[in-house]
Amino acid sequence: MLKSKTFLKKTRAGGVMKIVREHYLRDDIGCGAPGCAACGGAHEGPVLEPQPLDPASSLCPRPHYLLPDTNVLLHQILSVWRPGTWASVASSLRLPGSLETYVEQEQGENANDRNDRAIRVAAKWYNEHLKKMSAENHLQVIFITNDKKNKEKAIEEGIPAFTCEEYVKSLTANPELIDRLACLSEEGAEIESGRIIFSEHLPLSKLQQGIKSGTYLQGTFRASRENYLEATVWVHGDDEENKEIILQGLKHLNRAVHEDIVAVELLPKNQWVAPSSVVLHDEGQNEDDLEKEEEREHILKTAVNDKMLKPTGRVVGIIKRNWRPYCGMLSKSDIKESRRHLFTPADKRIPRIRIETRQASTLEGRRIIVAIDGWPRNSRYPNGHFVKNLGEAGDKETETEVLLLEHDVPHQPFSQAVLSFLPKMPWSITEKDMKNREDLRHLCVCSVDPPGCTDIDDALHCRELDNGNLEVGVHIADVSHFIRPGNALDQESARRGTTVYLCEKRIDMVPELLSSNLCSLRCNVDRLAFSCIWEMNHNAEILKVRFTKSAINSKASLTYAEAQMRIDSTAMNDDITTSLRGLNKLAKILKRRRIEKGALTLSSPEVRFHMDSETHDPIDLQTKELRETNSMVEEFMLLANISVAKKIHEEFSEHALLRKHPAPPPSNYEILVKAAKSKNLEIKTDTAKSLADSLDRADSPTFPYLNTLLRILATRCMMQAVYFCSGMDNDFHHYGLASPIYTHFTSPIRRYADIIVHRLLAVAIGADCTYPELTDKHKLADLCKNLNFRHKMAQYAQRASVAFHTQLFFKSKGIVSEEAYILFVRKNAIVVLIPKYGLEGTVFFEEKDKPKPKLIYDDEIPSLKIEDTVFHIFDKVKVKIMLDSSNLQHQKIRMSLVEPQIPGISIPVDTPNMDLNEPERKKKRHEK
């Protein structure tokens, strides 16, 4: 049946438009209950569970179905879902457009009231319908709503109705479910008699007006890891003058949570402050101890350096909450039998969360997930509810799950919908696959990778041509052949964005059948590839370049060490070895030429763990050794990426996916310049070329490690490289590589950006067809935004994994003493690097409950004087390394000074520090 509504609308141009809205009402939609004779089997498949709920409920003793209203679903389910998924879920919360349950909007009735009435009509229809279907079973539908008026009207209409809390509390067999109940809105949670701590957030309409007029500024709220009373707001837009606004004090933070989009009001200049150098962690259990907070805020104000004053503001409203489920641990209340406890998130930027639970004793010492429900004005902390118990703190699987969740790494198994798009096995190259593809299986191609690598993206070859020139080929796995645009496999790969490599685990971007088998360029099997082939002279000058889809058969899968051994061996002269030697010779020329142009050779200490084969615990920790072959592979990957970037930009000037590396602002280099100056060296930073040359010259015969330290420090000065759409930017330059254009083409198994680049290149050479989203620069810009986020989170997750495994290593190793070099000098500490382990840590000189030493900090040199000893950047020291387990939530590697000897500060290496592993000692004592 068709129903229509006609109305007139005035257009901007002053005309009148007739609009007809049509509703198609069906009379063939079933109730969804299996075996319902009344529906005549009209429904295509059962929507309801075959067995209705029959829980031990004090309110609803009969078997029943639940019909929650939209707001209950949005509030209860979405309180633990990430914001990006809300719209898609909300759109699915609709009842079918049935003839019997459709309701017209009445005169003067708003959309929300009409929606409430429609759900009540559906509930009533279901109850009457189920009576006909199963009179002997007394089936009924229970209506769940938190809307007081909606509930009252439902009861008046004879519909059994309860609030979500009433129903969940009635489940006598499952009392723990009440812990998972989301609190009501923050307005409803405010206690009238409670003390108001925070100012009221302005409504969205006022915020939008204020932003438009310039009264307020909109930006992303970024909480500090080191100081819970401080945050910054990164302002959206082009206002360079007030790009970053500092916020200090609880009232100025005004209930904003890390990553929220907020509106801020700038304070008068006489109220501006400087970023505080004080480290403050929220350690108070008593949430009402506001006098202590005011004391701490006073410490912030007294630590101001006038030269460092920055634009300062206060949060006046929240434009968009970006809350997510948070991992952490329960801080059990000291009050016996209390149900109210504080949850401490693993991420120090997130405030503690107040929850109610009856399971405190069970959850103590375990990692749990909690969701925020609201933050009333009279509460020191937000309110939330328990979601999930992850496992015991310190357990490897639990901690890995925590770091994946905290860094938003998608790590669930691939769904059946995704797996359905994989090729059927056994698979082999067909005649259809060879269309628009060259057969290069005769070439002597080989791959060079780290030990144990199964996702082999790239392979190379080098051979001499009849004309005396060299042919060099980079062959990349043709992942885009298997992942077609728009299907579930493509969408999931785009969502994941990148493969994440943890110390013991790899979270694949694409299913294992592709990553470790069909797309992996393993030796002695036929594989599909995308090849970039150059003709070069012996001076590595490119004479020609061509791109082709291909079929290859790798003749060897080598590790870097195996490839190096072949190159160095005088006894080996086979085709693979000859190819490797040719590649290595050309790579050295290419690298020298890149460096002459100003490319930077920086340094970052990377560590490799050696695991016990049975326990999988780390038993040794070493810095990774780099060989010539590492550099050889890198040079040809860079050359392929640059060649492909030029090609796709020629063909798609507005739609090319490129990668850029912005030049750092001069202020970033201050620490590097000062550090070099302290060793009587000059570092010039006006261009990448001058920086590269300065680093090359910065050497000391008596201090061979100095140059490495300078390059590590230079790495810290760099900006993040990012993906971007060529049509949305005009700065393409890659600072670190000194290249005017660059992209990612060489790792499509582990980076989604490379898949898009493959698709662009395939269209450019006529090997594949295009599709609308490939040439939509706005969609490509959105994709780049997600890819940049995923790559950043993957890096953080990888670092967190290294940090956790380092803790495991030192937990088993005990206390050790090692040589270290100072990387940074702080006001009350030094940050050191231990070359043996590639490990960085902080040595503090002020400790709780200990006499404070006399510290003199000089920011200009920079240096720190303790008693009669002066510390400069790059000074050599000796430190004691141990695992500090005193805080189970945030276990950390702790370092103490051994040499130089400073009375009252330095610790003899053999001195045990019994309080550091107190929880562990208590546990062992208990076990005895």
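## Here we look at empty space enclosed by the protein
Logical step 1: Evaluated as defined, the whole model comprises two cavities of 30 Å³ or more.
Logical step 2: Estimates place the volume of the second largest cavity at around 70 Å³.
Logical step 3: Looking at the lining of the second largest cavity element by element, the count peaks at three residues for helix H22 (residues 777-813).

## A word on the sheet that holds strand E32 (residues 855-858)
Logical step 1: As summarised here, the arrangement of the three strands in space is E32-E33-E34, forming an open sheet in which the pairing is antiparallel. One side of each edge strand has no neighbouring strand; the edge strands of this open sheet are E32 and strand E34 (869-872). On average, each strand axis in the sheet is tilted by 15° relative to the strand beside it, whichever way the strands run.
Logical step 2: As paired strands, strand E33 (residues 863-866) and E34 are joined by four bridges and run antiparallel to one another. Opposite Lys865, over in E34, you have Val870 as the bridge partner.

## Quick word on the packing of aromatic side chains
Centre-to-centre distance and the angle between the planes together describe a pair of aromatic rings.
Logical step 1: If you walk through the whole model with that rule in mind, you get 11 aromatic pairs.
Logical step 2: With a centroid separation of 5.4 Å and 50° between ring planes, the pair formed by Phe724 and Phe732 is classed as tilted.
Logical step 3: Relative accessible area serves as the criterion here: at 6%, Phe724 is assigned to the buried category.
Logical step 4: Ring centres of Phe809 and Phe810 lie 5.0 Å apart, and the angle between their planes is 75°; on these two criteria the pair is classed as edge-to-face. Phe810 shares its class with Phe809; the two are buried.
Logical step 5: In this structure an aromatic cluster arises from ring pairing among Phe703, Tyr705 and Tyr821.

## What to know about the sheet that holds strand E31 (residues 839-844)
Logical step 1: Across the sheet, which stays open at both edges, the five strands sit in the order E31-E30-E29-E35-E36 with antiparallel pairing between neighbours. On the outer flanks of this sheet lie E31 and strand E36 (892-899), each paired with one strand and no other. Direction aside, the axes of adjacent strands within the sheet are offset by 45° on average.
Logical step 2: As defined by bridge partners, strand E29 (residues 816-825) adjoins strand E35 (residues 876-884) across six bridges and the pair is classed as antiparallel. Residue pairing in the sheet places Glu818 in a bridge with Val879 of E35.

## A few points about the environment of Gly598
Logical step 1: With respect to the secondary-structure elements, Gly598 resides in the loop between helix H16 (575-596) and strand E25 (607-611).
Logical step 2: Judged by its relative accessible area of 0%, Gly598 falls in the buried class.
Logical step 3: Remark: the alpha-carbon pair of Gly598 and Asp693, spanning 95 residues in sequence, is separated by 7.7 Å.
Logical step 4: Not counting chain neighbours up to four residues away, the residues in contact with Gly598 comprise Ala688, Lys689, Ala692 and Ala738.

## Notes on the state of the cysteines
Logical step 1: Considering all chains together, one arrives at zero disulfides under this definition.
Logical step 2: Free cysteine Cys446: the closest other cysteine sulfur is in Cys444, separated by 6.6 Å.
Logical step 3: Residue Cys446 is classed as buried on the basis of its relative accessible area, which comes to 0%.
Logical step 4: Note on Cys725: no disulfide assigned, nearest cysteine sulfur contributed by Cys784 at a separation of 6.5 Å.
Logical step 5: Here Cys725 falls in the buried class, since its relative accessible area comes to 2%.

## Some details on the confidence of the model for the protein
Logical step 1: On average, residues of the protein score 83 in pLDDT, and 80% of them reach the 70 mark or higher.
Logical step 2: Predicted confidence is poor over residues 81-97, with pLDDT under 50, and the contacts of this stretch with residues over four places away or in other chains come to 21 contacts.
Logical step 3: This model gives residues 186-193 a pLDDT under 50, and the stretch forms 12 contacts once residues within four places in sequence are excluded.

## With respect to helix H15 (residues 560-568)
Logical step 1: All buried positions along H15 are accounted for by Tyr560, Ala563, Gln564, Arg566 and Ile567. Around the axis of H15, the buried residues are gathered within 160° of arc, so they sit on the same side. Among the exposed residues of H15, those pointing more than 90 degrees away from its buried face are Met565 and Asp568.
Logical step 2: Its buried side turned inward, H15 meets strand E17 (446-449), strand E24 (556-559), H16 and helix H17 (628-651).

About the cut-offs
- Residues numbered from 1 in each chain as written.
- Predicted model: local features only at pLDDT ≥ 70, side-chain atom pairs only at ≥ 80, totals over all residues.
- Heavy atoms only, no water.
- 1 Å grid on protein atoms, 1.4 Å probe; cavity = no way out; pocket = protein on both sides within 12 Å on 5 of 7 lines; lining within 4 Å.
- Points joined across faces, edges and corners; volume = space filled by probe spheres on them.
- Helix = DSSP H or I, 4+ residues; strand = E, 2+ residues; numbered from the N terminus.
- Pairing = 2+ DSSP bridges.
- Axes fitted to C-alpha atoms, helices over the stretch in contact; angles between N-to-C directions.
- Phe/Tyr/Trp six-rings, centres within 6.5 Å; stacked < 30°, edge-to-face > 60°.
- Buried < 20%, exposed > 50% of the residue type's maximum accessible area, 1.4 Å probe, protein only.
- Contact = heavy atoms within 4.5 Å.
- Disulfide = S-S within 2.5 Å.
- pLDDT = per-residue confidence, 0-100.
- Arc of directions from axis to C-beta.

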